[in-house]
Amino acid sequence: MLSILRVENLCFTYGEGTPFAQKALDNINFSIEAGEMIGVIGHTGSGKSTLLQHLNGLLRPQSGKVLFNEMDIWEKPKEIRNIRFKIGICFQYPEHQLFEDTVFKDVAFGPTNMGLNETEVKKRTRIALNSVGLGMDFWAKSPFDLSGGEKRRVAIAGVIAMDPDILILDEPTAGLDPRGRDEILALLKSYRKDHNKTIIIASHSMEDVANFADRVMVFNKSKLVMFDSVLNVFSKAEQLSEIGLDIPQVTQLFIRLKEKGYNISKNIFTVEDAIKALISLKEGGMNDA
Amino acid sequence: MLKDITLGQYYPVKSVIHRIDPRVKILLLIIYLVTIFMADNFISLGFIMLTILFTVFLSKVPFKVILKSIKAIIFIVIFTSLINIFFNSSGNVLIEFGIIKITDSGIATAIFVAIRVFMFVVISSLLTYTTTPTNLTDAIEKLLSPLKVIRVDVHSVAMMMTIALRFIPTLIEEVDKITNAQKARGADMESGGIGKRIKSVIPILIPLFISSFRSASDLAFAMECRCYTGGHGRTRMRQLRMTRTDIYAAIFMFVVIACMIVLNHFASFAKI
Ligand SMILES: Nc1ncnc2c1ncn2[C@@H]1O[C@H](COP(=O)(O)OP(=O)(O)O)[C@@H](O)[C@H]1O
Ligand SMILES: [Mg+2]
């Protein structure tokens, strides 16, 4: 399979050579295939954001390489901007970067910088705003008059509008209420379904990504300690709790039930799935009898 | 990166210079600056330069770090030097070029002024490298306290300075973050003419203003919640105390001034 993004021996230390030196990435290696949805999990300060900033060339590796479609992204440093259009990144608290007087203009900032013509810019902006669920009545509003969750969606649309091959989001649900969180996750899910893009989401909460990531990277103290399917990662519950990460409570419950000999899947990450599984277990049990 | 602007950043090591009482340090800095001004010939200037190098050595702040603060002003220095070279017309003419005359004394003055400015910056930045911002503003509050007699609200001034200093790193961090976010959307900050460059600052400036106002009102609210009502009746957890180090520092300063006066007197042949 073709790897769309590959990282080799990546190391990075903030403030190298000063008394403030702080190691953030320690010899990271991995490879991601086109169309995958990747979760990046780790405690605060484990190096997630630092890694993501390397993936689209906002930080330059101190050693090691980042390869996009098997090409070193720093091969031609002058063309790093083109990489940034292909690998879109949306930072933590992205609503802090809004600056235009209307939602539409702000979302159009990215495509305009790409040098597209006006019709194309408008087209992409409309598609992006629609795919984050912000209809026409929002377009002329000032982004500063919106609610937190809406602002966040404007900011995400600003990245989607560049139509990147890889969409990277750093803690897209941080600081939102549960409803805002679910909305963001749902829109990312449907964006992925409609456009079949590679998506990378960082989060310190397992629950956020467990539900729909194909594979999960687990970071601990600037090292990549696991990179595997959600199920395989969750099966190492003890190791996870040692590094301060918890698997969802329903999943814990179902793993225990499975151990007790019940005929159910361990692959349950949400309460809804749990209810369905329990109902089918009950019905299955009745059928047997 | 913006983080590289270290001007005014505390460098946390233990040294004699770090130990000097901040009030004494500020006073000595002022005297030092005057002494640098007193030097009127290259020999005195050279002597002062040696004492400054010695002080930097004592402070254990790496020279690399000090050089960064010099880098920040290098263009101003080059500019003033050029003005001196081109427009100082006394002395022997070396090159004549239309109305521009380059003279030996012009070049000498330029070099002299450049060295003097560099020393100013080095010794001033040493104060902020070796004193925490809190200590610095405490000291300023103490030193300015006589002004209370003429009804200057010294405490508020000092508090404003503390807060301003405290927020410099936060602002730098914020600028870094916003710049990164806009760069990720393809903002081009490195190329284009001056008009385009000024325009490219707007996507950074507006979010920065908004976040500054937000932090300012958050901070005000947090201070009020902790019953801050100004300087009246406030006590300090850490009192500033003078020690023997301060006496040594004062003696050092005194010796420097004495040598300076003697050198100025005997080296008048090298006068500028
Ligand atoms: N701009 C910076 N300057 C200095 N140190 C930093 C900076 N950003 C992050 N760090 C440090 O690097 C480490 C990794 O941080 P980060 O990548 O932000 O982790 P995460 O996103 O997982 O919370 C932390 O120890 C953090 O303190
Ligand atoms: Mg982070």
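Let me begin by describing the structure that accompanies this report.

### Overview of the sheet that holds strand E1 (residues 3-14) of chain A
Residue and element names in this part refer to chain A.
- What the four strands build is an open sheet, ordered E2-E1-E4-E5; its pairing is antiparallel. Each edge of the open sheet carries a strand with a single partner, namely strand E2 (22-33) and strand E5 (71-72).
- By the bridge criterion, two bridges tie strand E4 (residues 63-68) to E5 in an arrangement that is antiparallel. Residue pairing across strands places Phe 68 opposite Met 71, the latter belonging to E5.

### Thoughts on the interface of chain B and chain A
- Contacts between the two partners involve 21 residues from chain B and, on the opposite side, 22 residues from chain A.
- Summed over both sides, the interface between chain B and chain A buries roughly 1,900 Å², with carbon and sulfur atoms accounting for 61% of that surface.
- Its largest share of buried area at the contact with chain A, chain B owes to Asn180(B), Ala184(B) and Arg185(B), together 35% of the area lost on that side.
- Across the contact surface, chain B and chain A share two salt bridges.
- A salt bridge links Arg185(B) to Asp106(A), with the nearest nitrogen and oxygen atoms 3.1 Å apart.
- Those elements that place two or more of their residues in the side of chain B that touches chain A are helix H8 (154-184) and helix H9 (194-225) of chain B.
- In terms of residue count, the dominant contributor to the side of chain B that touches chain A is H8(B) (seven residues).

### A word on the site of ligand 1
- Residues in contact with ligand 1 amount to 12 residues; listed here are only the nearest, Gln22(A), Gly45(A), Lys48(A), Ser49(A) and Thr50(A).
- At the site occupied by ligand 1, nearby residues are drawn from chains A and B.
- A distance of 3.1 Å separates an oxygen atom of ligand 1 from a polar backbone atom of Gly47(A).
- Contact between ligand 1 and Lys48(A): an oxygen atom at 2.9 Å from a side-chain N or O atom of the residue.

### A closer look at the pairing of strand E6 (residues 87-90) of chain A
Residue and element names in this part refer to chain A.
- Neither face of E6 is left uncovered, since the one carrying Ile 87 and Ile 89 and the one carrying Gly 88 and Cys 90 both have all their residues buried.
- Of the strand pairs in this sheet, E6 and strand E7 (residues 166-170) are connected by four bridges, and their pairing is parallel. Within E7, the residue paired with Gly 88 across the bridge is Leu 167.

### Quick look at a nonpolar patch on the surface
- On the surface, a nonpolar cluster with roughly 680 Å² of combined accessible area is contributed by Phe144(A), Val201(B), Ile202(B), Leu205(B), Ile206(B), Phe209(B), Ile210(B) and Phe213(B).
- For Ile206(B), the position within the fold is in helix H9.
- Ile206(B) sits in the partly exposed class, given a relative accessible area of 31%.

### Regarding the packing of aromatic side chains
- Across all of its chains, the model carries eight aromatic pairs over all chains by this definition.
- Taken together, a centroid distance of 5.1 Å and an interplanar angle of 85 degrees make the contact between Phe12(A) and Tyr14(A) edge-to-face.
- Residue Phe12(A) is classed as buried on the basis of its relative accessible area of 8%.
- Look at Tyr14(A) and you get partly exposed, because its relative accessible area is 30%.
- Seen in terms of ring centroids, Phe42(B) and Phe112(B) are 5.4 Å apart; in terms of plane orientation they differ by 90 degrees. Their pairing is edge-to-face. Of the two residues, Phe42(B) sits in helix H3 (residues 42-59) while Phe112(B) sits in helix H6 (residues 104-130), which places them 70 residues apart along the sequence.
- Given a relative accessible area of 31%, Phe42(B) falls into the partly exposed group.
- Its relative accessible area of 4% is what places Phe112(B) among the buried residues.

Rules and cut-offs
Residues numbered from 1 in each chain as written. Chains lettered and ligands numbered in written order. Predicted model: local features only at pLDDT ≥ 70, side-chain atom pairs only at ≥ 80, totals over all residues. Heavy atoms only, no water. Pairing = 2+ DSSP bridges. Helix = DSSP H or I, 4+ residues; strand = E, 2+ residues; numbered from the N terminus. Contact = heavy atoms within 4.5 Å. Buried area = accessible area lost by both parts, 1.4 Å probe. Salt bridge = Lys/Arg side-chain N within 4 Å of Asp/Glu carboxyl O. Near = heavy atom within 4 Å. Polar contact = N/O pair within 3.5 Å; in protein donor to acceptor, adjacent residues only side chain to side chain. Buried < 20%, exposed > 50% of the residue type's maximum accessible area, 1.4 Å probe, protein only. Patch = residues over 30% accessible without salt bridge, like charges linked within 9 Å, V, L, I, M, F, W, Y side chains within 5 Å. Areas by Shrake-Rupley, 256 points an atom, 1.4 Å probe, with all protein chains shown as cover. Phe/Tyr/Trp six-rings, centres within 6.5 Å; stacked < 30°, edge-to-face > 60°.

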